[in-house]
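Residue-level structural notes
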Amino acid sequence: VSSYEALQRILKMKKNIILLGPPGAGKGTQGQLLSKKLNIPFISSGDALREEINQKSAIGEKVDSFIKKGALVPDYVIEEFIAAVLNKYDLSRGFILDGFPRTIHQADFLNNYLKDINAKVDAVIYISLPEEEIVKRISGRRVCKQCGAVYNIYFNPPKHDMKCDRCGGELVQRPDDKKEVVEHRIKVYKQETKPLIDYYNNHHLLYEVQGQGILQDVTERVEKVLNDRT
Ligand code: AMP
């Protein structure tokens, strides 16, 4: 395809996008790539919360124990927080949300928030991954302490040992990526977040993409479902 055609395709894409899926499915990685390509903000509730914890802010202290346990931050806390985060962005050309909503209550909240700014969700990309893969993926995940870029020592290793390709920052394992916590996060995902699959399916917004395989293949699948307008 010519670059003109590629651009036309991108302009036609649905651009208010939610990424849904189990921990470790690649939502952050795919979201960051897509955000660069479409030049729209990538907003990750987990990243934003970790930033608050690093800064030792009041909200950071409030959420720290939930995150450490692999539990969800209560709806009323995260909803107030995410609204403040979203308010800081220009969402007029689109956005990619990763990690929010995670409960039906949060999904209703988001709909109302968007309605108030004359917007709506266009597409929910559900990146699926079998449970065995989830654990494997998460055990290999490393993130840049400085810029938040995500790597995987098995599937998407950095070019230089444990240094970020983008900014040279140190790569670390998230404390809640340790095995004991991951099991709890998967359980919480199944109980609280999986019902969103039906929720968005009923709203005709759900697009499932298989999360297995190499990063580039998953990217292609994501772009394909966004291009195929219904
Ligand atoms: P993530 O980086 O998306 O895996 O999020 C890391 C942790 O942050 C989760 O395990 C939760 O403790 C918390 N968190 C992030 N987003 C939400 C949310 N939408 N609702 C409740 N807790 C959240």
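Residues numbered from 1 in each chain as written. Predicted model: local features only at pLDDT ≥ 70, side-chain atom pairs only at ≥ 80, totals over all residues. Heavy atoms only, no water.

**A look at the overall build of the protein chain**
Along the protein chain, the regular secondary structure elements total 10 helices and 8 strands. In terms of overall size, the protein chain behaves like a compact globule, its C-alpha atoms giving a radius of gyration of 17 Å where 230 residues would be expected to give roughly 17 Å. Its C-alpha atoms give the protein chain principal-axis dimensions of about 45 × 40 × 30 Å. Here the protein chain, with 230 residues, has 50% of them falling under the buried criterion. The long-range share in the protein chain, meaning contacts at least 24 apart out of those at least 6 apart in sequence, stands at 69%. With the model as given, the accessible surface of the protein chain reaches about 12,300 Å², and the carbon-plus-sulfur share is 51%. (Helix = DSSP H or I, 4+ residues; strand = E, 2+ residues; numbered from the N terminus. Rg over C-alpha atoms; globule rule 2.2 N^0.38 Å. Buried < 20%, exposed > 50% of the residue type's maximum accessible area, 1.4 Å probe, protein only. Contact = heavy atoms within 4.5 Å. Areas by Shrake-Rupley, 256 points an atom, 1.4 Å probe, with all protein chains shown as cover.)

**Observations regarding the site of the ligand**
If you check the shell around the ligand, you find 16 residues, and the closest are Ser45, Arg50, Ala71, Gly99 and Gln106. Between the ligand and alanine 71 there is a distance of 2.5 Å, counted from an oxygen atom to a backbone nitrogen or oxygen. A distance of 3.4 Å separates an oxygen atom of the ligand from a polar atom in the side chain of arginine 185. Starting from 480 Å² of accessible surface for the ligand in isolation, the protein chains cover 95%. Sort the elements by how many residues they give to the shell around the ligand and helix 3 (residues 45-54) lands first, with 4 residues. Here the residues of the shell around the ligand are counted per class, giving 7 nonpolar, 4 polar and 5 charged. (Near = heavy atom within 4 Å. Polar contact = N/O pair within 3.5 Å; in protein donor to acceptor, adjacent residues only side chain to side chain. Nonpolar A, V, L, I, M, F, W, Y, C, P; charged D, E, K, R; others polar.)

**Looking at the packing of aromatic side chains**
All told, the structure shown has 2 aromatic pairs when counted by the stated rule. Pairing tyrosine 154 with phenylalanine 155 gives two aromatic rings, centres 6.3 Å apart and planes at 75°, and the pair type is edge-to-face. What makes tyrosine 154 exposed here is its relative accessible area of 53%. Here tyrosine 199 and tyrosine 200 contribute two aromatic rings whose centre-to-centre distance is 4.9 Å and whose plane-to-plane angle is 85°, an arrangement assigned as edge-to-face. Judged by its relative accessible area of 11%, tyrosine 199 is buried. The class of tyrosine 200 is buried, set by a relative accessible area of 1%. Stacked on the ring of phenylalanine 66, the Lys or Arg lysine 69 has its end atom at 5.5 Å from the ring centre. Here the basic side chain of arginine 137 rests over the ring of phenylalanine 155, its NZ or CZ set 5.3 Å away from the ring centre. (Phe/Tyr/Trp six-rings, centres within 6.5 Å; stacked < 30°, edge-to-face > 60°. Lys NZ or Arg CZ within 6 Å of the ring centre and 35° of its normal.)

**Considering unusual backbone geometry**
The omega torsion across phenylalanine 100 and proline 101 is 0°, close enough to zero to call that bond cis. With respect to the secondary-structure elements, proline 101 resides in the loop between strand 3 (95-98) and helix 6 (104-116). Even without being glycine, lysine 56 reaches a positive phi, approximately 55°. Taking the relative accessible area as the measure of exposure, lysine 56 reaches 63% and is therefore exposed. In this model, methionine 162 sits at a positive phi of 55°, which is unusual for a non-glycine residue.

**So, the pattern of salt bridges**
Pairs can form between side chains of opposite charge once their charged atoms are near each other. Counted under the stated rule, the structure contains 13 salt bridges. A salt bridge links aspartate 64 to lysine 68, with the shortest nitrogen-to-oxygen separation between them at 2.9 Å. With aspartate 64 and lysine 68 both in helix 4 (residues 58-69), this residue pair falls 4 residues apart, about one helical turn. Since its relative accessible area comes to 22%, aspartate 64 is described here as partly exposed. A salt bridge links glutamate 183 to lysine 179, with the shortest nitrogen-to-oxygen separation between them at 3.0 Å. Highlighted residues: glutamate 183 and lysine 179, both in helix 8 (residues 179-193), separated by 4 residues, approximately one helical turn. The exposure class of glutamate 183 is partly exposed, given its relative accessible area of 47%. By relative accessible area, which is 54% here, lysine 179 ends up exposed. Shared partners join several salt bridges into a network, and the residues in it are Arg141, Arg174, Asp176, Asp177 and Arg185. (Salt bridge = Lys/Arg side-chain N within 4 Å of Asp/Glu carboxyl O.)

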